[in-house]
Every structure is written in structure tokens, then in C-alpha cells.
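The residues making up each chain are set out below.
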Amino acid sequence: QVQLVESGGGLVQAGGSLRLSCAASGRTFSSYTMGWFRQAPGKEREFVATISWRGGNTDYADSVKGRFTISRDNAKNTVYLQMNSLKPEDTAIYYCAAAFRGRLPGPSSQYDYWGQGTQVTVSS
């Protein structure tokens, strides 16, 4: 069982930055591919970024490439999402998710555990 708790969301002006964190419980964090997803009001959940359980590979949605960076610290059981040059269309609830030895790229269905989400609001 893995529990995920996101933090770091908030209100920011367009062009600003935020850093999301996702703290995971359990002793096997390093065996999980971690992903960030988001869901805006009235829209379906969409993939944002993922990092392999080995930590060497990452993948991003086209809409965030060059602006967002995913990273992980296995010693702290934490995955991060650094978000720069934020746009109003980035406004959403951001969720982290864990997939045991998940593939990159891989379907959202491979993620076994999900956090409760953290709200990110970007004002214009």
C-alpha cells in the first residue's frame, strides 16, 4: 500500500512559478514510476509528466514541455513538479500517482495509487 500526499499548490500570476511536492509512504518508493496528472473544471484528467522508477527517464505532455520539470528524491520518498512560466490554462487540480515499475510512456491505467490532489490557480 502506498499513500501519496501532494502539497505546494496555490494562486500565482501568469508567468510565475510553483513547485509541487508529493510525499509517499512505504519502503519501496524507488520501485514506483511516478506521474503527475491534472484535471481542470469540466475537463477530463490529463497526463502532465512522469519519471521512471529508475529515475533516468522522464516524459512530458506537449503542453508543458520546456516549462515543467519532474524530479524525484528516493531518499525522501518524494517526487516534485517544478512549474515555470505558468499560464492560466495550467489552472487545475494536480494529482500525483504511482505505478509499480511502470512503463514510460504508459497508460494512466497502470497507476495503482493516487493522491488527493492540490489546487493550482494561475491568474491572468
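Predicted model, so just to flag it, every value in this text is computed and none were measured.

Peer 1: I'd like a rundown of the pattern of salt bridges, residues and numbers included.
Peer 2: In this structure the tally under the stated criterion is 4 salt bridges. R38 is the salt-bridge partner of D90, the closest N and O atoms lying 2.9 Å from each other. With D90 in the loop between β8 (78-83) and β9 (92-100) and R38 in strand β4 (residues 32-39), this residue pair connects regions lying 52 residues apart in the sequence. One exposure class covers both D90 and R38, and it is buried. In this structure, K65 engages D62 in a salt bridge whose closest nitrogen and oxygen atoms are separated by 3.2 Å. The exposure class assigned to D62 is exposed, which follows from its relative accessible area of 65%. By sharing partners, the salt bridges in this structure join R38, E46, R67 and D90 into a single network.

Peer 1: Break down the state of the cysteines for me, citing the residues and quoting the values.
Peer 2: All told, the structure shown has 1 disulfide when counted by the stated rule. Across the disulfide, C22 is cross-linked to C96 (sulfur-sulfur distance 1.9 Å). Of note, the bridge from C22 to C96 carries an S-S torsion of about 40° and is right-handed in sense. Of the two residues, C22 is situated in strand β3 (residues 18-24) and C96 in strand β9; the sequence distance between them amounts to 74 residues. Taken individually, C22 and C96 each receive the classification buried, so the pair is uniform in this respect.

Peer 1: Quick rundown of the side chain of T91? Include the residues and the values.
Peer 2: The residue T91 is located in the loop between β8 and β9 in this model. With a relative accessible area of 19%, T91 lands in the buried category. Within the structure, T91 has its side chain in polar contact with the backbone oxygen of P88 (distance 2.9 Å). With residues near it in sequence (within four places) discarded, T91 still touches A40, Q119, V120, T121 and V122.

Peer 1: Lay out the environment of S124 with the relevant residues and their values.
Peer 2: In this structure, S124 sits in the segment after β11 (118-123). Separated by 37 residues in sequence, S124 and K87 place their C-alpha atoms 7.6 Å apart. Discounting chain neighbours no more than four positions away, the residues touching S124 are A14 and P88.

The rules behind the values
- Residues numbered from 1 in each chain as written.
- Predicted model: local features only at pLDDT ≥ 70, side-chain atom pairs only at ≥ 80, totals over all residues.
- Heavy atoms only, no water.
- Salt bridge = Lys/Arg side-chain N within 4 Å of Asp/Glu carboxyl O.
- Helix = DSSP H or I, 4+ residues; strand = E, 2+ residues; numbered from the N terminus.
- Buried < 20%, exposed > 50% of the residue type's maximum accessible area, 1.4 Å probe, protein only.
- Disulfide = S-S within 2.5 Å.
- Polar contact = N/O pair within 3.5 Å; in protein donor to acceptor, adjacent residues only side chain to side chain.
- Contact = heavy atoms within 4.5 Å.

None of this, on its own, says anything about what the molecule does.
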